[in-house]
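Chain by chain, the residues:
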Amino acid sequence: VHLVESGGGLVQTGGSLRLSCAASGSTDDIYIMRWHRQAPGKQRELVAGLATLVGSTNYAEFVKGRFTISRDVAKNIVYLQMNNLTPEDTAVYYCNAVFRYQSDYADSWGQGTQVTVSS
């Protein structure tokens, strides 16, 4: 499974961005898609997740009510709609897929996309 993120950029406080994660390869074997982020000097943290079989979602407390994870099944794209952004949301955002692989599970990560929120 290969992942490519896009949609990052510079936005002012209160603004919005939509990130995209395009998946290719054995996409039928993906069972979880997640967005993570890593700010300078901080550990990578989970932002949102989506279980592909049932469509259920989960969010970190710090983005609840502001961010929405969704997917376009036909295009194999997962989105992260980010609203009401603050400077604390500045980070590199990574897409992550967990998929079945040889009777086990494996992870795939995208290269990341930079989100910068100015005050």
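Above this text you will find the structure in question.
Residues numbered from 1 in each chain as written. Predicted model: local features only at pLDDT ≥ 70, side-chain atom pairs only at ≥ 80, totals over all residues. Heavy atoms only, no water.

Q: Help me get a handle on the overall build of the chain, residues and values and all.
A: Tallying secondary structure elements over the chain gives zero helices and eleven strands in all. Against the globule reference of 14 Å for 119 residues, the chain gives a C-alpha radius of gyration of 14 Å, in line with a compact fold. Overall, the chain is about 45 × 25 × 25 Å in size when its C-alpha atoms are taken along their principal axes. By residue count, 41% of the 119 residues in the chain fall in the buried class. When contacts within the chain are restricted to residue pairs at least 6 apart in sequence, long-range pairs at least 24 apart make up 53% of them. Entry remark: accessible area of the chain is about 6,400 Å², with carbon and sulfur atoms responsible for 48%. Looking at the chain, you have 10 positive and 10 negative side-chain charges, and the mean spots of the two groups are 4 Å apart. (Helix = DSSP H or I, 4+ residues; strand = E, 2+ residues; numbered from the N terminus. Rg over C-alpha atoms; globule rule 2.2 N^0.38 Å. Buried < 20%, exposed > 50% of the residue type's maximum accessible area, 1.4 Å probe, protein only. Contact = heavy atoms within 4.5 Å. Areas by Shrake-Rupley, 256 points an atom, 1.4 Å probe, with all protein chains shown as cover. Lys, Arg positive; Asp, Glu negative; His and termini not counted. Charge placed at Lys NZ, Arg CZ, Asp CG, Glu CD.)

Q: Can you lay out the nonpolar core for me, pointing to particular residues and giving the numbers?
A: In globular proteins that are soluble, nonpolar side chains generally tend to be buried together. Counting residues in each nonpolar core, the largest one holds 29 residues, and the members touching the most others are M33, W35, V47, F67, L80, M82 and Y93. When residues of this core are traced back to their parent elements, those giving at least two are β3 (17-24), β4 (30-38), β5 (45-51), β7 (67-72), β8 (77-82), β9 (91-101) and β11 (113-118). Per-element tally for this core: the top contributor is β9, with five residues. With residues near it in sequence (within four places) discarded, M82 still touches G15, S16, L17, L19, R66, F67, Y93 and V115. (Core = buried A, V, L, I, M, F, W, Y, C linked by side-chain atoms within 4.5 Å.)

Q: Which residues make up the pairing of strand β10 (residues 104-109), and what are the values?
A: Pairing between β9 and β10: six bridges, direction antiparallel. Each bridged residue has a counterpart across the sheet, and for A97 the counterpart in β10 is S108. The loop that links β9 with its antiparallel partner β10 comprises two residues; one of these, Q102, has a positive phi angle of about 50 degrees. (Pairing = 2+ DSSP bridges.)

Q: Tell me about the environment of S6, and please be specific about residues and values.
A: Along the chain, the position of S6 falls in strand β1 (residues 2-6). Since its relative accessible area comes to 37%, S6 is described here as partly exposed. The sequence separation of S6 and S24 amounts to 18 residues, and the corresponding C-alpha distance is 14 Å.

Q: Provide a residue-level description of the sheet that holds β7, including the pertinent values.
A: One open sheet accounts for four strands, arranged β1-β3-β8-β7; its pairing is antiparallel. Among the strands making up the open sheet, the edge pair consists of β1 and β7. With strand direction ignored, the average angle separating the axes of adjacent strands in the sheet is 20 degrees. Looking at chain direction, β1 and β3 are connected through five bridges and run antiparallel. Residue pairing across strands places H2 opposite S24, the latter belonging to β3. (Axes fitted to C-alpha atoms, helices over the stretch in contact; angles between N-to-C directions.)

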